[in-house]
Amino acid sequence: PKKELKQVLDIIYPIIINVKHIHNRPRPYQLAGAFGLKINVLETKTHNTPSYPSGHTAQTAVGAYLLSAMYPEHSGHFFDKVSITGMARMLQGVHYPSDNEASMVLTGAIWENIRYKLFPEFKNF
């Protein structure tokens, strides 16, 4: 559901970016040297903002909420993907577990606020 997903991503993205800049948390690979650690970071264009909260986890989570509202029988599978996304970002050396946890809390609160306003047909989820 591209249209619906774009609606929720357009709401969540600026919130996540603002929270990232409020906390301004360095990414694990940025601090590793100060602690004598080496992290083999997978360089991408997607980690040029602060670490906390995880934008990838937030985006995947809001997608999981949306899809779960549309297809509740597959909810577990959708949220499994959120966990996989968070784990992948930690393995890349660009997030801490708490970045992903914060994304889930924040996204859950945002979803609760917008779901009935944007999608009144999803009353039962």
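By convention here, each chain's residues receive numbers from 1 onward along its written sequence. Totals for whole chains, interfaces and linings use all residues, but because this is a predicted model, local features are given only for residues with pLDDT of at least 70 and pairs of side-chain atoms are given and counted only at 80 or more. Here the side-chain values reflect all heavy atoms present in the structure, with hydrogen atoms and water set aside.

> When you look at the packing of helix H4 (residues 75–91) against helix H5 (residues 97–118) in this model, what are you seeing that I'm missing?
Helix-helix packing is described using two parameters, namely the angle between the two axes and the distance between the axes. Axis separation between H4 and H5 bottoms out at 9 Å; the angle between their running directions is 150°. The two elements H4 and H5 meet at a crossing, and its hand is right-handed. Residues Phe79, Val82, Gly86 and Met90 of H4 form the contact with H5, whose participating residues are Pro97, Asn100 and Met104. Following the grouping adopted for this structure description, the nonpolar residues are Ala, Val, Leu, Ile, Met, Phe, Trp, Tyr, Cys and Pro, the charged ones are Asp, Glu, Lys and Arg, and the polar ones are all others, Gly among them. When the residues that make up the contact of H4 with H5 are grouped by side-chain class, the tally is five nonpolar, two polar and no charged. Helix axes use the C-alpha atoms of the stretch in contact, all axes being lines fitted to C-alpha atoms, and the angles between their N-to-C directions lie in the range 0 to 180 degrees. Labels follow the DSSP assignment, with helices taken as runs of H or I lasting at least four residues and strands as runs of E lasting at least two, numbered in each case from the N terminus. Rotating anticlockwise by less than a right angle from the far helix to the near helix defines a left-handed crossing, while the corresponding clockwise rotation defines a right-handed one. Note on contacts: a residue pair qualifies if any of its non-hydrogen atoms lie within 4.5 Å across the two residues.

> Sorry if this is basic, but what is going on with the side chain of histidine 47 here?
You can see histidine 47 is positioned in the loop between helix H2 (28–31) and helix H3 (55–70). If near-sequence neighbours (up to four positions away) are discounted, histidine 47 is found in contact with Arg27, Tyr29, Val41, Leu42, Arg89 and Val94.

> Is there a simple way to think about the layout of surface pockets in this case?
If you roll a probe as big as a water molecule over the atoms, it shows you where there is empty space left. By volume, the largest pocket is sized at about 150 Å³. Grid points spaced at 1 Å and placed over the protein atoms alone form the basis of the search, with a cavity being a set where a 1.4 Å probe fits but cannot get out and a pocket an open set showing protein on both sides within 12 Å along at least five of seven lines. Lining residues have an atom within 4 Å of a point. Every residue lining the largest pocket is counted, 13 residues in all, and those nearest its centre are Tyr13, Lys20, Thr46, Gly55 and His56. Taken together, the elements giving at least two residues each to the lining of the largest pocket come down to helix H1 (2–23) and H3. Here the lining of the largest pocket gets four residues from one element, more than from any other, and that element is H1. Of the residues assigned to the lining of the largest pocket, the class counts are three nonpolar, seven polar and three charged. Grid points are joined across faces, edges and corners, and a volume is the space filled by probe spheres set on the points.

> Would you mind showing me how to read the pattern of salt bridges here?
Close approach of charged atoms allows side chains of opposite charge to pair. A carboxyl oxygen of Asp or Glu within 4 Å of a side-chain nitrogen of Lys or Arg is what we treat as a salt bridge. Applying the stated criterion across every chain, the model contains three salt bridges. Between arginine 25 and aspartate 99 there is a salt bridge, with its nearest N and O atoms 2.6 Å apart. Here arginine 25 is found in the loop between H1 and H2, whereas its partner aspartate 99 is found in helix H5, with 74 residues between them in sequence. Relative accessibility under 20% of the residue-type maximum defines a buried residue, over 50% an exposed one, and the middle range a partly exposed one, all with a 1.4 Å probe and only protein chains included. With a relative accessible area of 27%, arginine 25 lands in the partly exposed category.

> Just to check I follow, could you spell out the packing of H3 against H5 for this structure?
Relative to each other, H3 and H5 sit at 40°, their axes nearing to 9 Å. Classified by the angle between their axes, H3 and H5 sit oblique to one another. In the packing of H3 onto H5, the handedness of the crossing is right-handed. Facing H3, whose interface residues are Thr57, Ala58, Ala61, Val62, Tyr65, Leu66 and Ala69, H5 presents Asn100, Ser103, Met104, Thr107, Gly108 and Trp111. Here the residues of the contact of H3 with H5 are counted per class, giving eight nonpolar, five polar and no charged. If an angle is under 35 degrees, it is roughly parallel; if it is over 145, roughly antiparallel; if it lies from 65 to 115, roughly perpendicular; otherwise it is oblique.

> Hey, could you run me through the packing of aromatic side chains in this one?
How two aromatic rings sit relative to each other is set out by the distance from centre to centre and by the angle between their planes. Only rings of Phe, Tyr and Trp enter the pairing, Trp through its six-membered ring, and a pair is recorded when the two centres are within 6.5 Å. The plane angle decides the type: under 30 degrees is stacked, over 60 is edge-to-face, the rest tilted. Counted under the stated rule, the structure contains three aromatic pairs. A centroid spacing of 6.1 Å and a plane angle of 15° characterise the contact between tyrosine 65 and tryptophan 111, whose relative ring orientation is stacked. One end of the pair, tyrosine 65, is in helix H3; the other, tryptophan 111, is in helix H5, with 46 residues separating them in the sequence. According to the relative accessible area criterion, tyrosine 65 is buried, its value standing at 15%. Exposure remark for tryptophan 111: the relative accessible area of 0% places this residue in the buried category.

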